[in-house]
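What the coordinates show
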Amino acid sequence: MSLSDPAFLGFFAVVFVLFYLLPGGTSRLVLLLSASLGFYVKLVGGYTAVLLYVAAVAYVGGSALQRMAAGRSRGVTFIAALLAILAPLVVFKYLGFLADAAHIELPGSLADLALPVGLSFFTFAATGYLIDVNLGLLEAERNPLRLGLFVTFFPLVTAGPIERGGRLLPQFDLNPRMSADRAFDGLRLIFIGLVLKVLFADTLAVPSAEVFGDPESALPLDKLVAMIFFAFDLYADFAGYSLIAIGCAKMLGIDVQPNFRQPFLSQGIPEFWRTWHMSLSFWVRDYLFMPLRAKWRRSGHRGMIAATLISFTILGIWHGAGWQFVIYGFAFGVLAVSSLYTLKYRDAAYARLGVPQAVVRVIRAVITFFLFALVLVLFRVNYLGDAWLFYRDIFSLDLLRNIWDGVGYALFRLGDAPELPIVTGYWADWFLIGAIVVGDILARNGVTLAKCGRSMHAVAYNLGFAAVLYLWMSSSVAPPFLYYKF
Amino acid sequence: MSGRVAKVFSEVLGVDAVRITDDTSPDNTPQWDSMAAMNLVVAIEDEFDVRLSTAEIVSMRTVAVVKKVLATKGVVDA
């Protein structure tokens, strides 16, 4: 049951009604905890034990740390709790990869373990809680039900946003009164999320899946277009999911941090990661990058570069077990460092050439997007070798030949039509990409649906709802969210 | 805000000292990014002749917390 399924929305509607029928406090807490566990059991069955284990370790570990004074035994307790909370992630997600790398054959029972949905997300949320308690930034939660809800909260458990204990736990008093404004705000986010997922992402996923599924037979121009389509597919998919999750939480009176802020308008890779999957990148910044930077603060540029490369590599590995994810993260680290250290030279070059600021902003956004899309190929390919096929073709002269042949045939019927099924068969998808870019530019400039007049609201909702309904009815199996596999 | 902490923040972040308050944090001060954060730490250590632990550095997310941490190290004129 994905968050974009009609079944989930029905489930959420029931929880929403019951939530406001109950008096505030414990009864609502029990309702949300039961709903969260029921939702997760429906998704993964017996693997729910892993979720309960992580929540239990966070509770017991946090409580123990709270009672202990600073010192060696507290340090040992923290490390033990940290290892215990990360153990399922290592076993379920990385054991196969580590065994392969070490040429060890795992017994069948271990090799066949499935990855519980959302494991990386709720493990990081619980780990962040434990670190905050250890640093004294947060008091350990005394009520096991509240901490249980923090780890298992159903709108966030499958794919985040990865929330912080300090932000979410104080909101679990759960005493909000029903507010039409708040409900409407939440509903609007759910609606926009559904449109992004069902209309945009699921449409853009089709052509990119064709090429990534068989990269050997696709021509370079089709590969380039599929690469661009996939970047927008992933954005619409994950931003759509995040909005549905945030909207559901909002309707229950709980504010969750945003996960995306117009990332494709970013002016460089460092800014990109402050606007893309923000809850993960801020987690990595606060719990990994900052401690490393603090440790190496007097090592000058070497400290900065090492902390950045290590943080981004681990961010990559968080996404999956495989060399492609190691390279994915490391490549972003290299790009982030390069971006930081070349900024003043690039600024000077634009100034010397007299390029207007508006044009510079467009150039920077386009370059940042293409750098991201190129690295993202590693995220999408089924095998590392497939990424090489993409890079080899996209940077070959054959790409220019494809463009030349395509333009010649389209305008003057010169030669034979090139075999470009993605370019010719999915040209309408560019309108979706255009709509995403225009929507982001408007949002960046403060024009959002929330600020439009009632008539615009009505038109947008009716059109969007009709499109979502049509796509729901015409698709027998809704594709799952791309981030569910983490 | 006046005082040595405000002076350090003002110099490192390039922000007028009067705009530095106890609530100043990375969330409301774009200049306080991850690069500047460590420059701040080094400048604070040098200015007050103290050594900060990693946990203290990571916890310093507002000017008020910085002053609190310095107070625990016996700095009285922050």
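From a predicted model like this one, the values you see are computed outputs, not experimental measurements. (Residues numbered from 1 in each chain as written. Chains lettered and ligands numbered in written order. Predicted model: local features only at pLDDT ≥ 70, side-chain atom pairs only at ≥ 80, totals over all residues. Heavy atoms only, no water.)

It is worth spelling out the overall build of chain B at this point. Scanning chain B from N- to C-terminus turns up four helices and zero strands. Secondary structure elements of chain B, listed N to C terminal, follow the sequence α-α-α-α. Here the C-alpha radius of gyration of chain B, 11 Å, is about what a compact globule of 78 residues would show, namely 12 Å. Expressed as a percentage of its 78 residues, the buried residues of chain B come to 41%. Of the contacts made within chain B by residues no fewer than 6 positions apart, 52% connect residues no fewer than 24 positions apart. If you sum the accessible surface of chain B, you get close to 4,000 Å²; carbon and sulfur atoms cover 50% of it. (Helix = DSSP H or I, 4+ residues; strand = E, 2+ residues; numbered from the N terminus. Rg over C-alpha atoms; globule rule 2.2 N^0.38 Å. Buried < 20%, exposed > 50% of the residue type's maximum accessible area, 1.4 Å probe, protein only. Contact = heavy atoms within 4.5 Å. Areas by Shrake-Rupley, 256 points an atom, 1.4 Å probe, with all protein chains shown as cover.)

Let us look at the environment of Asp5(A). Residue and element names in this part refer to chain A. Following the sequence through the fold, Asp5 ends up in the segment before α1 (6-21). Looking at Asp5, the relative accessible area reads 19%, which means it is buried. Separated by 193 residues in the primary sequence, Asp5 and Val198 have C-alpha atoms spaced 9.5 Å apart.

Further remarks concern the interface of chain A and chain B. Counting from both sides, the interface comprises 13 residues of chain A and, opposite them, 16 residues of chain B. Note on chain A versus chain B: buried area summed over both sides is about 1,400 Å², and carbon and sulfur give 66% of it. Of all residues in chain A, the largest losses of buried area upon contact with chain B belong to Leu135(A), Arg297(A) and Arg298(A), amounting jointly to 41% of the total for that side. Taken together, chain A and chain B are joined by three salt bridges. One salt bridge connects Glu45(B) with Arg298(A), and the closest N-O pair in it is separated by 3.0 Å. At the junction of chain A with chain B, the criterion picks out four residue pairs in polar contact (both at pLDDT 80 or more). Elements that contribute at least two residues to the side of chain A that touches chain B include exactly α6 (119-135) and α12 (278-295) of chain A. With six residues, α12(A) is the single largest residue contributor to the side of chain A that touches chain B. (Buried area = accessible area lost by both parts, 1.4 Å probe. Salt bridge = Lys/Arg side-chain N within 4 Å of Asp/Glu carboxyl O. Polar contact = N/O pair within 3.5 Å; in protein donor to acceptor, adjacent residues only side chain to side chain.)

Once that is clear, we can look at the confidence of the model for chain A. On average, residues of chain A score 87 in pLDDT, and 91% of them reach the 70 mark or higher. Mean pLDDT across the elements of chain A ranges from a minimum in helix α20 (residues 454-474) of chain A, with 63, to a maximum in helix α7 (residues 144-152) of chain A, with 96. (pLDDT = per-residue confidence, 0-100.)

Okay, the pattern of salt bridges next. Throughout the structure, instances matching the rule amount to 22 salt bridges over all chains. In this structure, Arg444(A) engages Glu271(A) in a salt bridge whose closest nitrogen and oxygen atoms are separated by 3.9 Å. Pair noted here: Arg444(A) is in helix α19 (residues 429-444) and Glu271(A) is in helix α11 (residues 269-275), with a separation of 173 residues, a long-range link. What makes Arg444(A) partly exposed here is its relative accessible area of 32%. In this structure, Asp286(A) engages Arg285(A) in a salt bridge whose closest nitrogen and oxygen atoms are separated by 2.8 Å. Sharing partners across several salt bridges, the network here consists of Arg297(A), Arg298(A), Glu45(B) and Asp46(B).

This next bit is on the domain arrangement of chain A. All names here are of chain A. Examined at the domain level, chain A breaks down into domain 1 (6-178) and domain 2 (183-485). At the interface, 39 residues of domain 1 touch 35 residues of domain 2. Together, the buried faces of domain 1 and domain 2 total about 3,300 Å²; carbon and sulfur atoms form 70% of this surface. Looking at the side of domain 1 facing domain 2, the largest losses of area belong to Phe97, Phe124 and Arg164, adding up to 18% of the total buried there. In this assembly, domain 1 and domain 2 are joined by one salt bridge. Note that Asp286 and Arg164 form a salt bridge whose closest N and O atoms lie 3.1 Å from each other. At the boundary of domain 1 and domain 2, one finds 16 residue pairs in polar contact (both at pLDDT 80 or more). Residue assignment for the side of domain 1 that touches domain 2 shows that the elements contributing at least two residues are α1, α4 (72-101), α6 and α8 (165-168). Of the residues that constitute the side of domain 1 that touches domain 2, the class distribution is 27 nonpolar, seven polar and five charged. (Domains from an automatic or database assignment. Nonpolar A, V, L, I, M, F, W, Y, C, P; charged D, E, K, R; others polar.)

Residues and elements named next belong to chain A. Across all of its chains, the model carries one cavity of 30 Å³ or more by this definition. Computed from the structure, the largest cavity encloses a volume of approximately 90 Å³. The wall of the largest cavity is formed by 14 residues, among which Ala125, Phe150, Val151, Leu156 and Pro161 lie closest to the centre. Counting residues per element, the ones that place at least two in the lining of the largest cavity are α6 and α7. By residue class, the composition of the lining of the largest cavity is eleven nonpolar, two polar and one charged. (1 Å grid on protein atoms, 1.4 Å probe; cavity = no way out; pocket = protein on both sides within 12 Å on 5 of 7 lines; lining within 4 Å. Points joined across faces, edges and corners; volume = space filled by probe spheres on them.)

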